[in-house]
Amino acid sequence: MAADDGDAPFEPQAWTPPPRPRPNWQGPARPGYAEASAAAHFVAAPLLTAASLSLIGVISADKENFGWPGVALLLLVLATVFLIGSIQLAFNARKHLYSRQHLIDWYGEKAVEASEVLRTQQGNDRFLWDSKIPRAVNWFNAGTLVLGLSVAATLVPASESPQYPLRWAAVGLTLAGVALECWYIKHIRHESDRPAEADSDDSSSAVTTGKE
């Protein structure tokens, strides 16, 4: 007698995991920030470093005309270290910043679209850039602040200077500019953090670009 369907022996089937979603291409969280960072670290920082080194040479050659030559030289050297350090840190971070289009230019569109490894690597490198570039920004900001203080120390007049009051007035204006720079750094950092909090629900659309 043939067995009914209800009497058929149970045969377990092998479990197959669902397919993993393809990783997205990571675009800029803040469009334009990479270009602004490059302008600061690879254009402004070298120019400010050159200015610091020039002032070091001037003060060393003619320190009798400066009220605080030692303080000014110390601050200028410190500013130079911070600015050169920001260049090095930004250079180390910059190698992790590239887009899908860069990969297409290097490997061709067909190879790029077929490779999940490149998608994953690009996302990992974007994370590394996001984690490393703030250190370069902090060093650059410290360099500009210390450079401002060194300019103030350079302007301190010698006791016999005929422009004694005017140079002290210039010192005051320079210190006011340094205070304004401190406020601006704090303000711009607060502004740069605001979009991530306001648009947290749309973060996936804000940081992904390119084809799925």
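Refer to the structure printed above.
Residues numbered from 1 in each chain as written. Predicted model: local features only at pLDDT ≥ 70, side-chain atom pairs only at ≥ 80, totals over all residues. Heavy atoms only, no water.

## Let's talk about the overall build of the chain
Note the threshold: Note on conventions: DSSP H or I runs of at least 4 residues are helices, E runs of at least 2 residues are strands, and numbering of each starts at the N terminus. Each residue is assigned to one of three classes by its accessible area relative to the maximum for its type, calculated with a 1.4 Å probe on protein chains only: buried under 20%, partly exposed between the two thresholds, exposed over 50%. The contact criterion used throughout is that any non-hydrogen atoms of two residues lie within 4.5 Å. All accessible areas in this document rest on Shrake-Rupley with a 1.4 Å probe, and a residue is counted as covered only by the protein chains that are shown.
Helices and strands together make up the secondary structure of the chain, namely 7 helices and 2 strands. Traced from its N-terminal end to its C-terminal end, the chain shows the element sequence β-α-α-α-α-α-α-α-β. Considering the chain as a whole, with its 212 residues, one finds that 29% of them fall into the buried category. Long-range contacts, defined as pairs at least 24 residues apart, comprise 80% of the intrachain contacts of the chain with a sequence gap of at least 6. Split by element, the accessible area of the chain, about 13900 Å² in all, is 64% carbon and sulfur.

## As for the environment of D62
What counts here: Under this definition, polar contacts are N or O atom pairs within 3.5 Å; protein pairs additionally need one hydrogen-donor-capable and one acceptor-capable atom, and for neighbouring residues in sequence, both atoms have to be side-chain atoms.
For D62, the position within the fold is in the loop between α1 (33-61) and α2 (69-94). In terms of polar contacts, D62 uses its side chain to reach the side chain of N65, at 2.6 Å.

## Comments concerning the nonpolar core
Applied cut-off: Among buried residues, the Ala, Val, Leu, Ile, Met, Phe, Trp, Tyr and Cys ones that are joined through side-chain atoms within 4.5 Å form a nonpolar core.
I56, I59, F66, A72, L75, L76, A79, V146, L147 and A153 form the largest nonpolar core, which has 10 residues in total. For this core, the secondary-structure elements that each account for two or more residues are α1, α2 and α5 (116-155). The element contributing the most residues to this core is α2, with 4 residues.

## Regarding the packing of aromatic side chains
We describe a pair of aromatic rings using the distance from one ring centre to the other and the angle between the two ring planes. What counts, and what does not: Here a pair means two rings of Phe, Tyr or Trp (six-membered ring of Trp) with centres within 6.5 Å. Their orientation is stacked below 30 degrees between planes, edge-to-face above 60, and tilted elsewhere.
Applying the stated criterion across every chain yields a total of 5 aromatic pairs. Measuring from centroid to centroid gives 5.5 Å for F82 and W139, while their planes differ by 75 degrees, and the two rings are edge-to-face. Of the two residues, F82 sits in helix α2 while W139 sits in helix α5, which places them 57 residues apart along the sequence. According to the relative accessible area criterion, F82 is partly exposed, its value standing at 22%.

## Structural notes on a nonpolar patch on the surface
In plain terms, the rule: Patch membership requires over 30% relative accessible area and the absence of a salt bridge. Like charges are linked within 9 Å, and nonpolar side chains (Val, Leu, Ile, Met, Phe, Trp, Tyr) within 5 Å. Salt bridge, as used here, is a side-chain nitrogen of Lys or Arg placed within 4 Å of a carboxyl oxygen of Asp or Glu.
A surface patch of nonpolar side chains, amounting to about 420 Å² of accessible area, comprises F42, V43, L47 and F91. A per-element tally of the nonpolar patch places α1 first, with 3 residues. With respect to the element layout, L47 can be found in helix α1.

## Some remarks on helix α3 (residues 100-107)
A turn of α-helix holds 3.6 residues, and therefore any two residues three or four places apart point the same way. Heads up, the rule is: When we speak of the arc, we mean the arc of directions from the helix axis to the C-beta atoms.
Residues R100, L103 and I104 constitute the buried set of α3. The arc enclosing the buried residues of α3, seen along the axis, measures out at 100 degrees, which places them on a common side. Those residues of α3 that are exposed and angled more than 90 degrees off the buried face are D105 and W106. The secondary structure elements touched by the buried residues of α3 are β1 (25-26), α4 (109-114) and α5. Looking at the residues trailing α3, positive phi occurs at G108, about 95 degrees.

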